[in-house]
Amino acid sequence: MNIFKKIYYRTYQFVFKALLPILPYREPKLLQSYHDIIEVIKSNNKKSILLVTDKGVRSLGLTKELEDKVKSKNLKLCVYDKTVANPTSKNVDEALKIYKDNFCDVIIAFGGGSAMDCAKATGARIARPNKTLGNMKGILRVRKKLPMLIAIPTTAGTGSETTLAAVITDSETRHKYAINDFPLIPSYAALIPELTIGLPKNLTATTGMDALTHAVEAYIGRSTIKKTRTRAEFAVKTIFENLEKCYNNGKDIEARKNMLVASYNAGIAFSMSYVGYVHAIAHSLGGKYNIAHGLANAIILPYVLKKYGKKIHKKLWKLRRVANLFDSKTSCETGAKIFIDKIEEMNKNMSIPASIPEIKEEEIPVLAKIAEHEANPLYPVPVLMTREELGKIYLEVKNGRAS
């Protein structure tokens, strides 16, 4: 990479890390039940709710109890349930129209990361009516308070209930981009493990590995601080101890609860310390091929960790003290390999594939360009890569072989 680019990228990242203590990060206030949610809404004198979810979640009956309780309290409820995986600008336009037509004053995001991203982006359009979503992509381009936003995750993985990001796919170009600003952090998050009981095995696996990716990328990046290291370590330990339990026994309520807490902590960690090339590559694949984000992250993670090489060996070795994968006499290089092997083993145990054959080789240069543009200079990655180097990772992920 050009030396001047390196200097610019690292300087940019250094400034952001230096600003971390004074930036207006906040954590959502935690709620434990539907009763708590309704009390918060009524105590803030809100009258009309937009519930943003998807047809899959609603068809399973997961929203019914909330819908019934809201209506029984004489609150108006409007439902938008057309959110798709990798939510689009069209989804946001449709949800926004319902919000305006019904004079809503609170938004509830109910579901996985897609529903939350759609709800956040809808809130951003309400806060900034004269700006398009495209005008708000990037960092700190919302800068206005959103309507009250309550997040209810039905998966333990995205961490979207804690984050300042909304990832949207342009309906026309299929370009996937992130909007990042502090007002997008939900006001409240309700962690209700019973909602995750019926989660299919494949979603349990991929969303759990999504949370692991958040924790690991936040931990190995150059913007990590004590708070985010502690959160990431807790998340890694908890995921290693509970994810496969959830996969093998979906009704293990204690494991489900632990995974929600792990996802929440991983979300806080990466909100402050950012992610890396795993996410940049996954976003490009989600936009182009509509590959679910958690699935893409799970597959890509070990490839990128191997590519970072010795730069992250010490940090991966340190994670062993919370993961209990080996003793302190193990070398850094061996410990890092064991850690990555563990990720690959978990993927295999949960029937997550080792490749993404849908990737078309002739499209890799464009995908790599998109990933490079997203990641540099924003993501404080341990090793800076050019689009050519990123292109090699796409090829490895397509063929299922690391070089």
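Going by the structure above, here's the rest.
Residues numbered from 1 in each chain as written. Predicted model: local features only at pLDDT ≥ 70, side-chain atom pairs only at ≥ 80, totals over all residues. Heavy atoms only, no water.

Visitor: What's the story with the overall build of the chain in this structure? I'm lost.
Guide: A tally of regular secondary structure across the chain gives 16 helices and nine strands. For the chain, whose C-alpha radius of gyration is 20 Å, the value lies close to the compact-globule estimate of 22 Å for 403 residues. Here the chain, with 403 residues, has 58% of them falling under the buried criterion. Taking the contacts inside the chain whose residues are at least 6 apart along the sequence as the reference set, 78% of them involve residues at least 24 apart. (Helix = DSSP H or I, 4+ residues; strand = E, 2+ residues; numbered from the N terminus. Rg over C-alpha atoms; globule rule 2.2 N^0.38 Å. Buried < 20%, exposed > 50% of the residue type's maximum accessible area, 1.4 Å probe, protein only. Contact = heavy atoms within 4.5 Å.)

Visitor: I keep staring at the state of the cysteines and nothing clicks. Help me out?
Guide: In a disulfide, the sulfur atoms of two cysteines are held together by a covalent bond. Scanning the entire structure with this criterion turns up zero disulfides. Free of any disulfide, Cys-104 has its nearest neighbouring cysteine sulfur in Cys-78, separated by 4.2 Å. (Disulfide = S-S within 2.5 Å.)

Visitor: Would you mind showing me how to read the pattern of salt bridges here?
Guide: It is possible for side chains of opposite charge to pair when their charged atoms get near one another. Per the counting criterion, the structure on display carries 13 salt bridges. When the shortest N-O distance is used, the salt bridge between Asp-81 and Arg-58 registers 3.2 Å. Here the residue Asp-81 occupies a position in the loop between strand S3 (76–80) and helix H5 (89–101), and Arg-58 occupies one in helix H3 (residues 55–59), the gap between them amounting to 23 residues. By relative accessible area, which is 13% here, Asp-81 ends up buried. The class of Arg-58 is partly exposed, set by a relative accessible area of 31%. One network of salt bridges, in which partners are shared, links Lys-55, Arg-58, Glu-67 and Asp-81. (Salt bridge = Lys/Arg side-chain N within 4 Å of Asp/Glu carboxyl O.)

Visitor: Teacher, can you tell me more about the pairing of strand S4 (residues 106–111) here?
Guide: Most of S4 sits out of view: six of its six residues are buried. Of the strand pairs in this sheet, strand S2 (residues 48–52) and S4 are connected by four bridges, and their pairing is parallel. Pairing of Leu-51 across the sheet is with Ile-108, part of S4. (Pairing = 2+ DSSP bridges.)

Visitor: Just to check I follow, could you spell out the sheet that holds strand S6 (residues 148–153) for this structure?
Guide: Pairing between the strands of a sheet comes from backbone hydrogen bonds, and it takes one of two forms, parallel or antiparallel. The strand order S1-S9-S6-S4-S2-S3 describes an open sheet built from six strands, whose pairing is parallel. Unpaired on one side and paired on the other, strand S1 (29–31) and S3 mark the two borders of the sheet. When the angles between neighbouring strand axes are averaged without regard to direction, this sheet yields 25°. Two strands pair when backbone bridges link them, and S1 and strand S9 (residues 188–190) are joined in this way by three bridges, in the parallel orientation. Bridging across to S9, Lys-29 finds its partner in Tyr-188. With respect to the sheet, helix H4 (residues 64–72) is in contact with S2, S3, S4 and S6, its orientation differing from that of S3 by roughly 150°. Relative to the sheet, H5 contacts S2, S3 and S4, its axis offset from that of S3 by approximately 165°. (Axes fitted to C-alpha atoms, helices over the stretch in contact; angles between N-to-C directions.)

Visitor: How do you make sense of the sheet that holds strand S8 (residues 176–180) when you look at a structure like this?
Guide: Strand order in this open sheet of three strands is S5-S8-S7, and the pairing throughout is mixed. If you trace the sheet from one side to the other, it starts and ends with strand S5 (138–139) and strand S7 (165–169), each paired once. Examined bridge by bridge, S5 and S8 share two bridges and lie parallel to one another. Across the sheet, Gly-138 pairs through a bridge with Ile-179, a residue of S8.

Visitor: Explain unusual backbone geometry here, please?
Guide: Most peptide bonds take the trans configuration, and most residues that are not glycine carry a negative phi. With an omega of 10°, the peptide bond running from Asn-376 to Pro-377 counts as cis. By secondary structure assignment, the location of Pro-377 is in the loop between helix H15 (364–375) and helix H16 (387–399). Even without a glycine there, the phi angle at Asn-45 is positive, about 60°. Locating Asn-45 in the fold gives a position in the loop between helix H2 (34–43) and S2. One non-glycine residue, Leu-140, lies in the positive phi region at around 55°. With respect to the secondary-structure elements, Leu-140 resides in the loop between S5 and S6. Judged by relative accessible area, which is 32%, Leu-140 ranks as partly exposed.

Visitor: It is not clear to me how the packing of aromatic side chains should be interpreted in this structure. Could you clarify?
Guide: Aromatic rings in a pair are described by how distant their centres are and how their planes are angled relative to each other. Counted according to the given criterion, the structure contains seven aromatic pairs. Geometrically, the ring pair formed by Tyr-8 and Tyr-12 is edge-to-face, given 6.1 Å between the ring centres and 65° between the ring planes. Here Tyr-8 and its partner Tyr-12 are both found in helix H1 (residues 3–19), four residues apart, which amounts to about one turn of the helix. The class of Tyr-8 is partly exposed, set by a relative accessible area of 47%. Counting every residue linked through ring pairs, the aromatic cluster contains Tyr-8, Tyr-9, Tyr-12, Phe-16 and Tyr-274. Here Lys-137 stacks its cationic end above the ring of Tyr-177, 5.6 Å away from the centre of that ring. It is Lys-342 that lies over the ring of Phe-240; its NZ or CZ is 5.9 Å from the centre. (Phe/Tyr/Trp six-rings, centres within 6.5 Å; stacked < 30°, edge-to-face > 60°. Lys NZ or Arg CZ within 6 Å of the ring centre and 35° of its normal.)

Visitor: Quick question: what am I supposed to make of the pairing of S7 here?
Guide: Within a regular strand, side chains alternate between the sheet's two faces. Counting buried positions along S7 gives five out of five residues, so the element sits mostly inside the fold. Covered by surrounding structure in S7 are Ala-165, Val-167 and Thr-169 together with Ala-166 and Ile-168, the residues of both alternating faces. In this structure, S7 lies alongside S8, joined through five bridges in antiparallel fashion. Within S8, the position partnered with Ala-165 by the bridge is Asn-180. What sits between S7 and S8 in their antiparallel hairpin is a turn of six residues, with Arg-174 showing a positive phi close to 65°.

Visitor: I'm lost on the environment of Tyr-99 in this one. Help?
Guide: The topology assignment puts Tyr-99 in helix H5. Accessibility expressed as a relative area gives 9% for Tyr-99, which makes it buried.

Keep in mind that these numbers describe shape and distance, not what the molecule does.
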